[in-house]
Number of protein chains: 2
Amino acid sequence: MLIASEKRIKVGTRPRERWRKEFGEWYNDVLIKAEIYDHRYPAKGMGVWRGYGKKIANRVYGILKKMLNENGYEEVQFPALIPEKIFRIESEHVRGFEAEVFWVTRGGLTELEEKYVLRPTSETPMYYMFRIWINSYRDLPVKIYQIVNVWRYETKWTRPLFREREISVFFEAHGAFASKEENENEVKLATKIYATFFRKLGIPFIITERPEWDKFPGAEKTYAFDTLMPNGRALQIGTVHNLGQRFAKAFGIKFQDKDLKIKYVWQNCFGVSGRVVTSIIAIHGDDHGLALLPSIAPIQIVIVPIPYKGFEQAVIQKCREVYERLKNAGFSVVLDESDETPGEKFYKWELRGVPLRIEIGPTDIKEKEITITRRDTFERIRVNEEKIVDAIRELMNKVEEEMKKAAWDWFNSKLEIANSKEEVGKLLEEGYIVLTSWCGDEKCVEDITELPGVKILGALVDENLEYIKPKHGKCIFCERKAKYLVAIAKSY
Amino acid sequence: MLIASEKRIKVGTRPRERWRKEFGEWYNDVLIKAEIYDHRYPAKGMGVWRGYGKKIANRVYGILKKMLNENGYEEVQFPALIPEKIFRIESEHVRGFEAEVFWVTRGGLTELEEKYVLRPTSETPMYYMFRIWINSYRDLPVKIYQIVNVWRYETKWTRPLFREREISVFFEAHGAFASKEENENEVKLATKIYATFFRKLGIPFIITERPEWDKFPGAEKTYAFDTLMPNGRALQIGTVHNLGQRFAKAFGIKFQDKDLKIKYVWQNCFGVSGRVVTSIIAIHGDDHGLALLPSIAPIQIVIVPIPYKGFEQAVIQKCREVYERLKNAGFSVVLDESDETPGEKFYKWELRGVPLRIEIGPTDIKEKEITITRRDTFERIRVNEEKIVDAIRELMNKVEEEMKKAAWDWFNSKLEIANSKEEVGKLLEEGYIVLTSWCGDEKCVEDITELPGVKILGALVDENLEYIKPKHGKCIFCERKAKYLVAIAKSY
């Protein structure tokens, strides 16, 4: 415990006024100023991943790629253009997406004979090819994923990475299996993969089974992960769909099984989008900007020289020495030798969420101690210069764990159980995700969904997709037997 | 020299009949059977990267990413949709692309007020944002790249990864600089990066300055890398464009320099596509399929058990033992325990280009020796089982170097100097890239470009972009002074 033995100076709680009260503006500001994603691109609902943002995104989605690879998934890449006839094969799916797809109708100066849909998601092109690839049980399972752009013609509000016309990161996985049971097990595996993934990122969540009227078009069951934004609105961050055999039958994806019988495959799919990055920004940030987990941060440590007249050379020399030591120890570290003032540098690197800042001035050199400031809590920690590498390693782990815990604590404080309809309304107004006992009948919750922005997220499930039973035995709306603990929230 | 001391059994030269004579069919077959890229997708000029192909592509483009990162480039990601008004800003560029872009004209059931172009390349959206990002010399240089899909409405023939309507991998880099000189140096750096990249992949090339009439629309100069396909046709595999200030002026990309003056930036861009993978397949392959460099191969070694009745267990056990040793030594290795025959396994893994195959049967166990077969030459090498790890490491390096050398030797044998117009025609017919002395006048080569499929690649340059001077002092066409060594070839 190298750190505990050192002086710790508590600087106070996190500044989170604007973060909470003007979340929308705060978020848009941070995206541009921290050079994450630039929504000044001159088209509604489209933006540009900048260098720093793309590095964060690559690290985040890299974690999920690794997990999928380890679980037998292979990366593939399908075309973005779907010929109209392929898009129209599964009718429920078409009905779900028809109003929100973009159409490519012209090539050069010519009207196209066959028009293309810009993929809103990739079930139809993928499953068309599954029919070609799958003939025997030996060809199963098929487990693939791709990280691509998809498009949806949003006619109402758009918000960068939340809801866009061009969804610049869509990470979709698709599986085909020989049996119902195998498919159901994979749906559970997918759920566990996402739960682990979000935990690694410190994104707290609940899992629900989406109600009938809110399922993915063509799915038998849809399970969704929701987190909470600072303004008290729930955000869907990932979904897992059990597709049963509906697409298999529409697309004719059949195989000869070991028993020589011809059967349809069973399918599932699951996806996340740029909202994963949204959540990281929103959940860990504050009025100073981003705060990144050390495991995600493209830059983990910034060193800021604090020069005093007459000591400039000594300070820079010491900074470079510490920089080399930390770099050689494997940390991602930047020494900011630009001509800005220390204050300007603090502002810049806090905005970009660098987890640890080291300041070195003449006093530090004299005392052979170094001041480290945590981005998440603004605590200042003095450590002996000799012990810097070990101290930072320990501190890094501590920051990682404490940031995750803080996020979950905040989220859990925003989950509340309601015992009456009135309480539901009151808690929703106050920005809670409300849990309550429900019979499962749509009619019981009709009134509530008419409240502005309120959504029935669905019946709460655990990571094994088992329903979490309500303690209260009766539906609070109709007094019939309660089957589910339903989650209700103001939602994006 | 562990290997040289072992028995080497020469099995003969590479089978390359079909590879040369029916290159087109051979190539299409290999793409599908080796599960690289599936062009059975039901739309002209579009295909699907399969798992094995995507792994190869990720490794190949990963090399270039690393090189660009090390040279100060940052990955970004722009939208694929370009609003019409942005696309139309630079007139020469528009003229060059207008006939071959796809248009998005409809959203849901509504005609769009502003139509979008599906990017054919990203100069226009990028440079629109450059105007926002660049204000001061402090904002320069900007050096970015992205790996994206682009679309071109090809009305004639398409061929997978050669010429497509959806170019599924387009790796484009773009830079903006404060001075003409800095920009020119960057053009040279880009050329050197590509030269190194292609050399690492064993793709031989020449570099030429494309003639005036064949420049990129909007560029001042275009330099191109060409390689050669087995059928004697040249293939453009990479281009570097000096854009001068044309786009800067059209898009208004200005900055305040150190001298306080407002100036336009200087720009360049450079790109490669899926043709890099095409070249790897075509240049290193043979009638058995792919042959991959050990540095690129997703699987470097396959172990095939050769079971004999009564020895099944001993053979499998030895195979597993060798597998563990090689895996622990850091090789990417597969032990094929499937129920196929050894012959079927040989076929399958040769098709996929696995560089080394190990066979283990009862005799090998008895003799404590192991047989390794090279995919590129089919040489069979026996090594002492004890020395297997070191022997394979040495062999891997040898294969890597010899494959590259063989590719360059073949390519160089296909470069020929012509001393008369008649010779040019004759050599082109025989499938050579022809080099000859040229004054630079378009009129001199007009006749030649009328030959079917023949293209003036341009004036040969070295990696510093200096013209390679012809030995023969006079233009072979007009007898005026020769300025260039021009490269001419049948070309895709």
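Everything numeric in this text was worked out from a predicted model, so none of it was measured.

Scoring rules and cut-offs
Residues numbered from 1 in each chain as written. Chains lettered and ligands numbered in written order. Predicted model: local features only at pLDDT ≥ 70, side-chain atom pairs only at ≥ 80, totals over all residues. Heavy atoms only, no water. Helix = DSSP H or I, 4+ residues; strand = E, 2+ residues; numbered from the N terminus. Rg over C-alpha atoms; globule rule 2.2 N^0.38 Å. Contact = heavy atoms within 4.5 Å. Areas by Shrake-Rupley, 256 points an atom, 1.4 Å probe, with all protein chains shown as cover. Lys, Arg positive; Asp, Glu negative; His and termini not counted. Charge placed at Lys NZ, Arg CZ, Asp CG, Glu CD. Least-squares fit on C-alpha atoms with pLDDT ≥ 70 in both. Buried < 20%, exposed > 50% of the residue type's maximum accessible area, 1.4 Å probe, protein only. Polar contact = N/O pair within 3.5 Å; in protein donor to acceptor, adjacent residues only side chain to side chain. Pairing = 2+ DSSP bridges. Axes fitted to C-alpha atoms, helices over the stretch in contact; angles between N-to-C directions. Right-handed = clockwise from strand over helix to strand, strands pointing away. Domains from an automatic or database assignment. Buried area = accessible area lost by both parts, 1.4 Å probe. Salt bridge = Lys/Arg side-chain N within 4 Å of Asp/Glu carboxyl O. Nonpolar A, V, L, I, M, F, W, Y, C, P; charged D, E, K, R; others polar. Parallel < 35°, antiparallel > 145°, perpendicular 65-115°, else oblique. Left-handed = near helix turned anticlockwise from the far one by under 90°. Phe/Tyr/Trp six-rings, centres within 6.5 Å; stacked < 30°, edge-to-face > 60°. Core = buried A, V, L, I, M, F, W, Y, C linked by side-chain atoms within 4.5 Å. Expected span 1.5 Å × (residues − 1).

Caption draft 1: Representation of the overall build of chain A in the model. Within chain A one finds 15 helices and 26 strands. Against the 2.2 N^0.38 benchmark of 23 Å for 492 residues, chain A shows a C-alpha radius of gyration of 26 Å, consistent with a compact globule. Residue pairs at least 24 apart in sequence account for 70% of intrachain contacts in chain A once pairs closer than 6 positions are excluded. When the accessible surface of chain A is summed, it comes to about 20,000 Å², and 48% of that surface belongs to carbon and sulfur atoms. Positive and negative side-chain charges of chain A, numbering 79 and 74 respectively, have mean locations separated by a distance of 1 Å.

Caption draft 2: Focus on the relation of the copies chain A and chain B. Between chain A and chain B, which share one sequence, the superposing operator has a rotation angle of 180° and an axial displacement of 0.0 Å; the RMSD is 0.0 Å. What the rotation and shift describe, once combined, is the action of a two-fold rotation axis. Nearest to the rotation axis, the C-alpha of A:V104 is located 2.1 Å from it, this being the minimum over chain A. Mapped onto chain B, 100% of the interface residues of chain A are again interface residues, and the two copies thus contact each other with one and the same surface.

Caption draft 3: Region of interest: the environment of A:Y37. All names here are of chain A. Residue placement: Y37 occurs in strand β2 (residues 37-38). Residue classification places Y37 among the buried residues on the basis of a relative accessible area of 0%. A sequence separation of ten residues divides Y37 from G47, and the C-alpha atoms of the two residues are 6.4 Å apart. Those residues in contact with Y37, other than ones at most four positions away along the chain, are L31, I32, M46, G47, V48, W49, P160, L161, E164, E166 and S168. One polar contact links Y37 to E164, side chain to side chain, over a distance of 2.9 Å.

Caption draft 4: Inspection of the sheet that holds strand β26 (residues 484-490) of chain A at higher detail. All names here are of chain A. If you trace the eleven strands from one edge of the open sheet to the other, you get β4-β8-β9-β15-β12-β11-β10-β25-β26-β24-β23, paired in mixed fashion. Taken across any chain shown, the strands that pair with only one partner, and hence form the sheet edges, are β4 (74-75) and β23 (415-417). Bridge count for strand β24 (residues 433-438) against β26 is five bridges, and the pairing is antiparallel. Bridged to L435 within β26 is A487. In the packing of helix α9 (residues 275-284) onto the sheet, contacts are made with β11 (221-228), β12 (234-244) and β15 (266-273), and the angle to β12 comes to roughly 150°.

Caption draft 5: Molecular detail of the environment of B:M126. All names here are of chain B. Among the structural elements, M126 can be located in helix α6 (residues 123-133). Along the backbone, M126 and I488 are 362 residues apart, and their C-alpha atoms lie at a distance of 34 Å. Once residues within four sequence positions are removed from consideration, M126 is found in contact with V76, F78, I144, Q146 and H174.

Caption draft 6: Spatial organisation of the pairing of β24(A). Residues and elements named next belong to chain A. In terms of burial, β24 is largely enclosed, as six of its six residues are buried. Burial along β24 is two-sided: the residues I433, L435 and S437 and V434, T436 and W438 are all buried. Sheet topology note: the β23/β24 ladder contains three bridges and is parallel. What sits directly across from I417, in β24, is L435. Between β23 and its parallel partner β24, the chain crosses via helix α14 (residues 421-429), and the hand of that crossover is right-handed.

Caption draft 7: View of unusual backbone geometry. Residue and element names in this part refer to chain A. At the junction of L140 and P141, the peptide bond is cis and its omega measures out at -10° in the coordinates. Mapped onto the elements, P141 comes out in the loop between α6 (123-133) and β8 (142-151). The residue L260 is not glycine, and still its phi comes out positive at about 75°. For L260, the position within the fold is in the loop between β13 (254-256) and β14 (262-264). Owing to a relative accessible area of 61%, L260 belongs among the exposed residues under this scheme.

Caption draft 8: Spotlight on the domain arrangement of chain A. Residues and elements named next belong to chain A. Domain annotation for chain A reports domain 1 (18-284), domain 2 (291-397) and domain 3 (416-490). The straight-line distance from the C-alpha centre of domain 1 to that of domain 3 is 27 Å. For the domain 1 and domain 3 pair, buried surface summed over both sides reaches about 1,900 Å², with 61% attributable to carbon and sulfur atoms. Among the ionic pairs, E463 bridges to R199, the shortest N-O distance being 2.4 Å.

Caption draft 9: Representation of the interface of chain A and chain B within the structure. Between chain A and chain B, the contact holds 56 residues from the first and 56 residues from the second. Carbon and sulfur atoms make up 57% of the surface buried where chain A meets chain B, a total of about 4,800 Å² over both sides. The tally of links between chain A and chain B comes to two salt bridges. Across the pair A:K55 and B:E74 runs a salt bridge whose closest N-O atoms are separated by 2.5 Å. Taken together, chain A and chain B are joined by 27 residue pairs in polar contact (both at pLDDT 80 or more). Residues that form the side of chain A that touches chain B fall into these classes: 30 nonpolar, ten polar and 16 charged. Judged from the five bridges that link them, strand β6 (residues 102-107) of chain A and strand β6 (residues 102-107) of chain B form a sheet pairing that is antiparallel. The residue bridging A:R106 from the neighbouring strand is B:W103, located in β6(B).

Caption draft 10: Molecular detail of the side chain of A:T208. Residue and element names in this part refer to chain A. If you trace the backbone, T208 turns up in strand β10 (residues 206-209). For T208, a relative accessible area of 0% gives the class buried. Within polar-contact distance, the side chain of T208 engages the side chain of R210 at 3.0 Å.

Caption draft 11: Region of interest: the pattern of salt bridges. By the definition in use, this model includes 101 salt bridges over all chains. What emerges from the salt-bridge pattern is a single network uniting A:R374, A:D376, A:E379, A:K398 and A:E402.

Caption draft 12: Geometry of the sheet that holds strand β24 (residues 484-490) of chain B. All names here are of chain B. Read from one edge of the open sheet, eleven strands run β4-β8-β9-β15-β12-β11-β10-β23-β24-β22-β21, paired in mixed fashion. Edge positions in the sheet fall to β4 (74-75) and β21 (415-417), since each has one partner strand and no second. Against the sheet, helix α15 (residues 442-449) contacts β22 (433-438), β23 (454-461) and β24, and its axis sits at roughly 140° relative to β23.

Caption draft 13: Inspection of the packing of helix α2 (residues 23-33) of chain B against helix α9 (residues 275-284) of chain B at higher detail. Residues and elements named next belong to chain B. Interhelical geometry of α2 versus α9 gives an angle of 110° and a closest axis separation of 11 Å. Relative to α9, α2 is oriented roughly perpendicular. Pair α2 / α9 crosses with right-handed handedness. Residues F23, W26, Y27, V30 and L31 of α2 touch α9, and the partners they reach there are T278, I281 and A282. Partitioning the contact of α2 with α9 into residue classes produces seven nonpolar, one polar and no charged.

Caption draft 14: Local environment of the packing of aromatic side chains. Residues and elements named next belong to chain B. Inspection of the entire model under this criterion finds 65 aromatic pairs over all chains. Ring geometry for F97 against F216: centres 5.9 Å apart, planes inclined by 65°, an arrangement best described as edge-to-face. Of this pair, F97 sits in helix α5 (residues 91-97) while F216 sits in the loop between β10 (206-209) and β11 (221-228), and the two are 119 residues apart along the sequence. A residue is classified by how much of its surface remains accessible, and F216, at 11% relative accessible area, is buried.

Caption draft 15: Focus on the nonpolar core. If you look at the biggest cluster of nonpolar residues, it comprises 108 residues, and the most contacted ones within it are A:I36, A:F198, A:V276, A:I303, A:L326, A:I358 and A:I392. Top contributing element to this core by residue count: helix α13 (residues 388-412) of chain A, with twelve residues. Setting aside residues no more than four positions away along its own chain, A:V276 makes contact with A:V60, A:Y61, A:F197, A:F198, A:L201, A:I203 and A:I237. Membership of the second largest hydrophobic core comes to 106 residues, among which are B:W49, B:I193, B:I206 and B:I280.

Caption draft 16: Seen up close, helix α7 (residues 180-200) of chain B. Residues and elements named next belong to chain B. Taking 1.5 Å per residue as the helical rise, α7 with its 21 residues ought to reach 30 Å, and the 30 Å between its terminal C-alpha atoms agrees with that figure. Every buried residue belonging to α7 is among N183, E186, V187, A190, T191, I193, Y194, A195, F197 and F198, and all of these are buried. Taken from the residues just after α7, G202 is the one with a positive phi, measuring 65°.

Caption draft 17: Layout of the side chain of B:R375. All names here are of chain B. Structurally, R375 can be placed in the loop between β19 (369-374) and β20 (380-384). Since its relative accessible area comes to 3%, R375 is described here as buried. At a separation of 2.9 Å, a polar atom in the side chain of R375 contacts the main-chain carbonyl oxygen of L290. In this structure the side chain of R375 is engaged in a polar contact, spanning 2.8 Å, whose partner is the backbone oxygen of E350. Leave out the neighbours within four places in its chain, and R375 touches R14, D286, H288, G289, L290, A291, E350, G353, V354 and P355.

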